[in-house]
There are 2 protein chains.
Amino acid sequence: MVTSPSARGEYTKSVERRREIIAAAVEVFSVAGFHKGSLRDVAKRAGLTQAGVLHHFPSKNHLVKAVLTWRDEQAREAIGDAARVGGLTYIRAMVGLVDANQRETPELAELYAVLSAEATSHSHPAHDYFAERYAWVLDAVQTAFEDVAEAGHLRPGVDPPDAARWMLAMVDGLQIQWLYSRKSVDMTVELRRFLQTLLTVDL
Amino acid sequence: MVTSPSARGEYTKSVERRREIIAAAVEVFSVAGFHKGSLRDVAKRAGLTQAGVLHHFPSKNHLVKAVLTWRDEQAREAIGDAARVGGLTYIRAMVGLVDANQRETPELAELYAVLSAEATSHSHPAHDYFAERYAWVLDAVQTAFEDVAEAGHLRPGVDPPDAARWMLAMVDGLQIQWLYSRKSVDMTVELRRFLQTLLTVDL
């Protein structure tokens, strides 16, 4: 398909506008939660009318899914090749991601904590997203720990399925402690120290 | 103060009514979250008018605080003497509490997961409650692990402050995994297995 320069310009503008709305949504939802945060608040923060937001995202559910998808894309980019390499490389990349979340996008971490808890309810629009995501990430981390065990780097007596569950639980749980007390909790330091207890080599 | 039999009857009825409203609130808030759950829904579920609920709890904030206080009282009763004894006895009692939450009051566990995540936002009415509660519980668990270390029952290299943070993070994090997949996750089993890795004696 041949696209005229002006159509391409329109497309680029639309992509940028969507990004701006997503950034505004992250800020609004992370403070108010998904249920209380309104499209009107998102529009106001993005400097648009509500109709302007609805042009790009027909409903709040569409918007929150776009936020989650965008975050996943960011994470996938950050993990990069480590996902293919697996083993300790993957575990280390996950720790790096937690570190980046904590230092660079705390408001996104807050949104994620709220949404993942709210969405445990079956009627929440993001329920299936999170249920599938937990299953998928758990599987990936378990595979990584199986590689680690095979290399002889997992502490005797630790099973890869447990290690995977524990690592994910630790990320979620430390995140909540950090959100309540950002000055006294360093998620990355605590997570690394915990993971080190599962390993026979340096993380 | 001398209270007439009829006044005492009124008092008992009022206490019972408050309990019924709290039970209804737990059900409503655990499904809808605190922000979306309304006093009208709570009234409906309790078989009362909204004015009837407002007579006992002047606002939604009063009601949610009553729910949290009630849950703390239940927990304190369940822990009982173990809090005074400390050490492994206290850690075991905490595990017993997690087990009871999972098996007997899953809807309350769900409410708690949602509220503790929502309330990370400073503007949430339960923010101070949770911030104080995390600090307090962390302190109590750390003291217990210090007793355990002193008895020579903590694995070498594990520090009590870390062990306390990890245990709380594990409870919160496993709870989320369990809420997404109740059939495949047993919080208590996973928590016990994790705690065992920190100890040199049987939990």
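A brief look at the structure comes next. Note that the coordinates shown come from a computational prediction; the quantities given were computed from them, not determined experimentally.

**Some details on the interface of chain A and chain B**
Contact residues are listed per partner, giving 40 residues for chain A and 40 residues for chain B. Between chain A and chain B, the buried area comes to about 3600 Å², and carbon and sulfur atoms account for 61% of it. On the chain A side of the interface with chain B, the three residues burying the most area are Arg165(A), Trp166(A) and Tyr180(A), jointly 22% of the side's total. The tally of links from chain A across to chain B stands at 2 salt bridges. The closest approach of N and O atoms between Asp162(A) and Arg193(B), which form a salt bridge, is 2.7 Å. Counting across the interface, chain A meets chain B through 10 residue pairs in polar contact (both at pLDDT 80 or more). Considering each element in turn, the side of chain A that touches chain B owes the most residues, 13 residues, to helix H9 (residues 160–180) of chain A. Of the residues belonging to the side of chain A that touches chain B, the class tally is 21 nonpolar, 10 polar and 9 charged.

**Things to note about the side chain of His124(A)**
Residues and elements named next belong to chain A. Mapping His124 onto the fold places it in the loop between helix H7 (106–118) and helix H8 (127–150). For His124, a relative accessible area of 5% corresponds to the buried category. Of note is the side chain of His124, whose polar atom sits 3.3 Å from the side chain of Glu118. Within the local environment of His124, its side chain forms a polar contact with the backbone nitrogen of Ala126, the two atoms lying 3.0 Å apart.

**Section: the packing of helix H4 (residues 60–79) of chain B against helix H6 (residues 87–104) of chain B**
Axis angle and axis distance: for two packed helices, these are the angle between their axes and the distance between the axes, and together they describe the pair. All names here are of chain B. The interhelical angle for the contact between H4 and H6, taken along N-to-C directions, is 130°, at an axis separation of 9 Å. Looking at the two axes, H4 sits oblique to H6. For the pair H4 and H6, the crossing hand works out as right-handed. Taking contact as the criterion, the partners of Arg71, Ala75, Ala78 and Ile79 in H4 are, on H6, Tyr90, Ala93, Met94, Leu97 and Asn101. Residues belonging to the contact of H4 with H6 are distributed by class as follows: 7 nonpolar, 1 polar and 1 charged.

**A short note on the relation of the copies chain A and chain B**
Note on the identical chains: chain A maps onto chain B by a rotation of 180° and an axial translation of 0.0 Å, with an RMSD of 0.0 Å. Each copy turns onto its partner about a two-fold axis. When C-alpha distances to the rotation axis are compared across chain A, the minimum falls at Gly173(A), with a value of 2.3 Å. When you check the interface residues of chain A against chain B, 100% turn up at the interface there too, and the contact is symmetric in its surfaces.

Parameters at a glance
- Residues numbered from 1 in each chain as written.
- Chains lettered and ligands numbered in written order.
- Predicted model: local features only at pLDDT ≥ 70, side-chain atom pairs only at ≥ 80, totals over all residues.
- Heavy atoms only, no water.
- Contact = heavy atoms within 4.5 Å.
- Buried area = accessible area lost by both parts, 1.4 Å probe.
- Salt bridge = Lys/Arg side-chain N within 4 Å of Asp/Glu carboxyl O.
- Polar contact = N/O pair within 3.5 Å; in protein donor to acceptor, adjacent residues only side chain to side chain.
- Helix = DSSP H or I, 4+ residues; strand = E, 2+ residues; numbered from the N terminus.
- Nonpolar A, V, L, I, M, F, W, Y, C, P; charged D, E, K, R; others polar.
- Buried < 20%, exposed > 50% of the residue type's maximum accessible area, 1.4 Å probe, protein only.
- Axes fitted to C-alpha atoms, helices over the stretch in contact; angles between N-to-C directions.
- Parallel < 35°, antiparallel > 145°, perpendicular 65-115°, else oblique.
- Left-handed = near helix turned anticlockwise from the far one by under 90°.
- Least-squares fit on C-alpha atoms with pLDDT ≥ 70 in both.

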